[in-house]
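Each chain, letter by letter, is given below.
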Amino acid sequence: MIQLPTNYQQYLSAQDQHVVDAIRPVLMQSAADQKYGVRVVYNPGATGHQAHLDETLPYGTIIEDID
């Protein structure tokens, strides 16, 4: 099983379940590849929270942004 970095675990523990469900697959992908960090984007419109791998962030880094 893939172990998430501490930063990812801490981020998830502070989120509501709907946010966890939305971004956990991307965190798992990041942990599997161990190449890039994750940018979590909040769109106050219909989409809510989304996450994607960010090639500008080192592995294990997670940041939030507003779309």
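We now turn to the structure provided with this report. (Residues numbered from 1 in each chain as written. Predicted model: local features only at pLDDT ≥ 70, side-chain atom pairs only at ≥ 80, totals over all residues. Heavy atoms only, no water.)

Considering the pattern of salt bridges
Working definition: two side chains of opposite charge can pair if their charged atoms are close together.
(1) Moving on: This model, assessed by the stated rule, comprises 2 salt bridges.
(2) Moving on: Close ionic contact of Arg 39 with Asp 54 constitutes a salt bridge, the shortest N to O distance being 2.6 Å. With Arg 39 in strand S1 (residues 36–43) and Asp 54 in strand S2 (residues 48–58), this pair connects stretches of sequence that are 15 residues apart.
(3) Moving on: With a relative accessible area of 8%, Asp 54 lands in the buried category.
(4) Moving on: Here Arg 39 and Asp 65 are joined by a salt bridge, their closest N and O atoms 3.3 Å apart. Of this pair, Arg 39 sits in strand S1 while Asp 65 is found in strand S3 (residues 62–66), placing the two residues 26 residues apart along the sequence.
(5) Moving on: In this structure Arg 39 comes out as buried when scored by relative accessible area, which is 19%.
(6) Moving on: One network of salt bridges, in which partners are shared, links Arg 39, Asp 54 and Asp 65. (Salt bridge = Lys/Arg side-chain N within 4 Å of Asp/Glu carboxyl O. Helix = DSSP H or I, 4+ residues; strand = E, 2+ residues; numbered from the N terminus. Buried < 20%, exposed > 50% of the residue type's maximum accessible area, 1.4 Å probe, protein only.)

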